[in-house]
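Read off the chains here:
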Amino acid sequence: MEETRMRWMDKREKIRAVQNDFEHLIHKDPKFSEFLSMIKRTLDTAVEKKLKEQRNILTQTQLTQNLISRPTTEKRLSNARSELEKKLSAVSSQQRRLQARLHWRKLRDHVADRSRLLEERKEEMSGKLYSTRRRQLISEYGVAISTNVDLLRAKLQIEEKKLIEKSKELTKFVPKEKMTQAESTLRELEQNVARQSRKLADLVLCDEQQPEEQESGLDSRAAKIIEAARRFESAFKLKRYKEAAFIAAHSPERKLRKRETFDKFKSAMKIPTSSSFSVPHFDPPAIIYADVLLATEPNDFETLMCIQEAVRWKLVRKITFWFHQRDLKFSLQLARLLEYQCTCIGPFPCSCGLLDLAKLCYERLQDDRYNSQILDIMLRQGCPRKLALSYAAKRGIDISTAAASLARYKQNSEP
């Protein structure tokens, strides 16, 4: 490219030199000056046109070389933009990491401060609870003893009055046996009063001198129960029913697993009064508590209570899940509850599903005494006559019982 440019410059210089010589020739020969001037103008026009074409070609060649040799402005801007975006993303990611680190550091400090405050509060409350519980026990026991002492004193005064009245009435000889009996009664009453007074005094003295470690076990249990009740009330007020149910189900010594707690969950959301209400797409608070309760070794009463609440909400799928996934204690009361709650009119398969659950409950009992109930449920669901008779023969059901069940559901269709 540079060589082409130099050649073009040399050619231009030569043309200028020829033009200067031609101009000098015109001035030197005035006779032909006009003719030579016309020739010079024609040649200058042709030369300028040729030089302009060469200049345009050179410019286009240079532009082409520039386009080929280095990227365009748009490409450079796009490259710069991509580089800036990469740097910005790196800076933003580093900023997010720094913010996350700062957040976790603040959270760690906050948790440490809260744990320290909780420990201090726990120590303070343990001392307060101990002293409060101790004073309460002493006051209750002291009131009970003082009332007993007052009653004994009143009895003693009544007996003394009676003896004085009898002594005034008696003018004759009083038998020695009655006198000794009255004296022994008075002596026993006085000893009882003195004993109760000493007991009260010993209790007060024990409160002043006995170390606190002797009752730490009782106070720790009481503190745990009080703390569980407080956490339960707080979670229930905030409508965190799952957390409240977990606290109540795992309460110390099962103190919160009682009928009042279940009634409280039931009152949080009542069943609609209409008989044709639809099954809710979410678990009510009582069902949430029942689910947690059945997962923590429930007794027979808790099982019946939870199943009955699920039946009231028409949650047959939830009961089926409990039957297969929870370690329930099946009982005759549970089977009869499910059987009697079914309102489907046979003989045809039960539409609500409670009869199937009752049959499963009877089968889980594994007792031959309930084979007749299973046969009755089969016939109620439209079981064919031959299949029912084969089941009765296989299970050893009495013929009269099977005949009575078949007569009750005589409209069953043959297979």
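Residues numbered from 1 in each chain as written. Predicted model: local features only at pLDDT ≥ 70, side-chain atom pairs only at ≥ 80, totals over all residues. Heavy atoms only, no water.

**Remarks on the overall build of the protein**
Turning to step 1, where the next piece is worked out: In terms of regular secondary structure, the protein is built from 15 helices and 0 strands.
Turning to step 2, where the next piece is worked out: For the protein, the proportion of its 415 residues judged to be buried stands at 26%.
Turning to step 3, where the next piece is worked out: Here the contacts in the protein between residues at least 6 apart in sequence split such that 69% fall between residues at least 24 apart.
Turning to step 4, where the next piece is worked out: Surface summary for the protein: the accessible area is close to 30300 Å², and the carbon and sulfur share equals 55%. (Helix = DSSP H or I, 4+ residues; strand = E, 2+ residues; numbered from the N terminus. Buried < 20%, exposed > 50% of the residue type's maximum accessible area, 1.4 Å probe, protein only. Contact = heavy atoms within 4.5 Å. Areas by Shrake-Rupley, 256 points an atom, 1.4 Å probe, with all protein chains shown as cover.)

**Some words on the packing of aromatic side chains**
Turning to step 1, where the next piece is worked out: Under the defined criterion, the tally for this structure stands at 8 aromatic pairs.
Turning to step 2, where the next piece is worked out: With a centroid separation of 5.0 Å and an interplanar angle of 90°, the aromatic rings of Phe 323 and Phe 330 are classed as edge-to-face.
Turning to step 3, where the next piece is worked out: By relative accessible area, which is 2% here, Phe 323 ends up buried.
Turning to step 4, where the next piece is worked out: Ring-pair connections join several aromatic residues into one group, and the members of that group are Phe 232, Phe 236, Tyr 241, Phe 262, Phe 265 and Tyr 289.
Turning to step 5, where the next piece is worked out: Above the plane of the ring of Phe 236 lies Lys 264, whose end atom (NZ or CZ) is 5.1 Å from the centre. (Phe/Tyr/Trp six-rings, centres within 6.5 Å; stacked < 30°, edge-to-face > 60°. Lys NZ or Arg CZ within 6 Å of the ring centre and 35° of its normal.)

**Things to note about the nonpolar core**
Turning to step 1, where the next piece is worked out: Membership of the largest hydrophobic core comes to 61 residues, with the highest contact counts inside it found for Phe 232, Phe 265, Ile 307, Trp 322, Phe 323, Leu 338 and Leu 375.
Turning to step 2, where the next piece is worked out: Excluding residues within four positions of it along the chain, Phe 232 makes contact with Ala 244, Ile 247, Ala 248, Leu 256, Thr 261, Lys 264 and Phe 265. (Core = buried A, V, L, I, M, F, W, Y, C linked by side-chain atoms within 4.5 Å.)

**What about the packing of helix H11 (residues 332-341) against helix H12 (residues 354-365)?**
Turning to step 1, where the next piece is worked out: Interaxial distance between H11 and H12 falls to 8 Å at its minimum, and their mutual angle equals 160°. Here H11 is positioned roughly antiparallel relative to H12, judged by the angle of their axes. In this structure, H11 meets H12 at a crossing whose hand is left-handed. Between H11, through Leu 332, Leu 334, Ala 335, Arg 336, Leu 338, Glu 339 and Gln 341, and H12, the contact on the second element is made entirely by Leu 354, Leu 355, Leu 357, Ala 358, Cys 361, Tyr 362 and Leu 365.
Turning to step 2, where the next piece is worked out: Looking at side-chain class alone, the contact of H11 with H12 contains 11 nonpolar, 1 polar and 2 charged residues. (Axes fitted to C-alpha atoms, helices over the stretch in contact; angles between N-to-C directions. Parallel < 35°, antiparallel > 145°, perpendicular 65-115°, else oblique. Left-handed = near helix turned anticlockwise from the far one by under 90°. Nonpolar A, V, L, I, M, F, W, Y, C, P; charged D, E, K, R; others polar.)

**With respect to a nonpolar patch on the surface**
Turning to step 1, where the next piece is worked out: Nonpolar side chains collect at one region of the surface, where Phe 32, Phe 35 and Met 38 lie side by side and expose about 330 Å² of accessible area between them.
Turning to step 2, where the next piece is worked out: Positionally, Phe 35 belongs in helix H2 (residues 33-69). (Patch = residues over 30% accessible without salt bridge, like charges linked within 9 Å, V, L, I, M, F, W, Y side chains within 5 Å. Salt bridge = Lys/Arg side-chain N within 4 Å of Asp/Glu carboxyl O.)

**Overview of the environment of Arg 254**
Turning to step 1, where the next piece is worked out: Structurally, the position occupied by Arg 254 is in the loop between helix H6 (241-249) and helix H7 (259-268).
Turning to step 2, where the next piece is worked out: In contact with Arg 254, not counting residues within four places along its chain, are Thr 296, Glu 297 and Glu 302.

**Section: unusual backbone geometry**
Turning to step 1, where the next piece is worked out: One non-glycine residue, Glu 253, lies in positive phi territory at about 60°.
Turning to step 2, where the next piece is worked out: Its place among the elements puts Glu 253 in the loop between H6 and H7.
Turning to step 3, where the next piece is worked out: A positive phi is found at Gln 366, a non-glycine position, where the angle reads about 55°.
Turning to step 4, where the next piece is worked out: Structurally, Gln 366 is set in the loop between H12 and helix H13 (371-380).

**Overview of the environment of Cys 344**
Turning to step 1, where the next piece is worked out: Looking at the element boundaries, Cys 344 is found in the loop between H11 and H12.
Turning to step 2, where the next piece is worked out: In sequence terms Cys 344 and Leu 355 are 11 residues apart; their C-alpha atoms lie 9.1 Å from each other.
Turning to step 3, where the next piece is worked out: Beyond its immediate stretch of four places on either side in the chain, Cys 344 contacts Cys 350, Ser 351, Cys 352 and Arg 380.

**Thoughts on the side chain of Thr 261**
Turning to step 1, where the next piece is worked out: Structurally, Thr 261 is set in helix H7.
Turning to step 2, where the next piece is worked out: The exposure class assigned to Thr 261 is buried, which follows from its relative accessible area of 6%.
Turning to step 3, where the next piece is worked out: Among residues more than four places away in sequence, those in contact with Thr 261 are Phe 232, Ala 248, Leu 256 and Tyr 289.

**Considerations on the packing of helix H10 (residues 316-325) against H12**
Turning to step 1, where the next piece is worked out: Look at H10 against H12: their axes get within 10 Å of each other, and the N-to-C directions meet at 15°. The orientation of H10 relative to H12 falls into the category roughly parallel. Relative to H12, the crossing made by H10 is left-handed. Side by side, H10 and H12 meet where Val 316, Ile 319, Thr 320, Phe 323 and His 324 of the first sit next to Leu 354, Leu 357, Leu 360, Cys 361 and Arg 364 of the second.
Turning to step 2, where the next piece is worked out: Here the residues of the contact of H10 with H12 are counted per class, giving 7 nonpolar, 2 polar and 1 charged.

**Digging into the confidence of the model for the protein**
Turning to step 1, where the next piece is worked out: Counting all residues, the mean pLDDT for the protein is 76, and 72% of those residues have values of 70 or more.
Turning to step 2, where the next piece is worked out: Across residues 141-145, where pLDDT falls below 50, the model places 8 contacts with residues more than four positions away in sequence or in other chains.
Turning to step 3, where the next piece is worked out: With pLDDT under 50 throughout, residues 207-215 is counted as low confidence; its partners more than four residues away or in other chains account for 7 contacts. (pLDDT = per-residue confidence, 0-100.)

**Regarding the pattern of salt bridges**
Between side chains of opposite charge, pairing is possible as soon as their charged atoms come close.
Turning to step 1, where the next piece is worked out: In total, this model carries 13 salt bridges according to the counting rule given.
Turning to step 2, where the next piece is worked out: Notably, a salt bridge pairs Arg 81 with Glu 85, separated by 3.4 Å at the nearest N-O pair. Of this pair, Arg 81 and Glu 85 both sit in helix H3 (residues 73-169), separated by 4 residues, roughly a single helical turn.
Turning to step 3, where the next piece is worked out: Judged by relative accessible area, Arg 81 falls into the exposed class, the value being 58%.
Turning to step 4, where the next piece is worked out: Using a relative accessible area of 46% as the deciding quantity, one classes Glu 85 as partly exposed.
Turning to step 5, where the next piece is worked out: Among the charged side chains, a salt-bridge network with shared partners connects Lys 266, Glu 309 and Arg 312.

**Some remarks on helix H9 (residues 300-312)**
Turning to step 1, where the next piece is worked out: Spanning 13 residues, H9 covers 18 Å between terminal C-alpha atoms, matching the ideal 18 Å at 1.5 Å per step.
Turning to step 2, where the next piece is worked out: For H9, every residue scored as buried is listed here: Glu 302, Thr 303, Met 305, Cys 306, Ile 307, Glu 309, Ala 310 and Val 311.
Turning to step 3, where the next piece is worked out: Looking one or two places after H9, you find Lys 314, whose phi comes out positive at around 60°. (Expected span 1.5 Å × (residues − 1).)

**Notes on the environment of Ala 222**
Turning to step 1, where the next piece is worked out: As for its placement among the helices and strands, Ala 222 is situated in helix H5 (residues 216-237).
Turning to step 2, where the next piece is worked out: For Ala 222, a relative accessible area of 22% puts it in the partly exposed group.
Turning to step 3, where the next piece is worked out: Linking Ala 222 and Pro 252, residues 30 residues apart in sequence, is a C-alpha distance of 9.3 Å.

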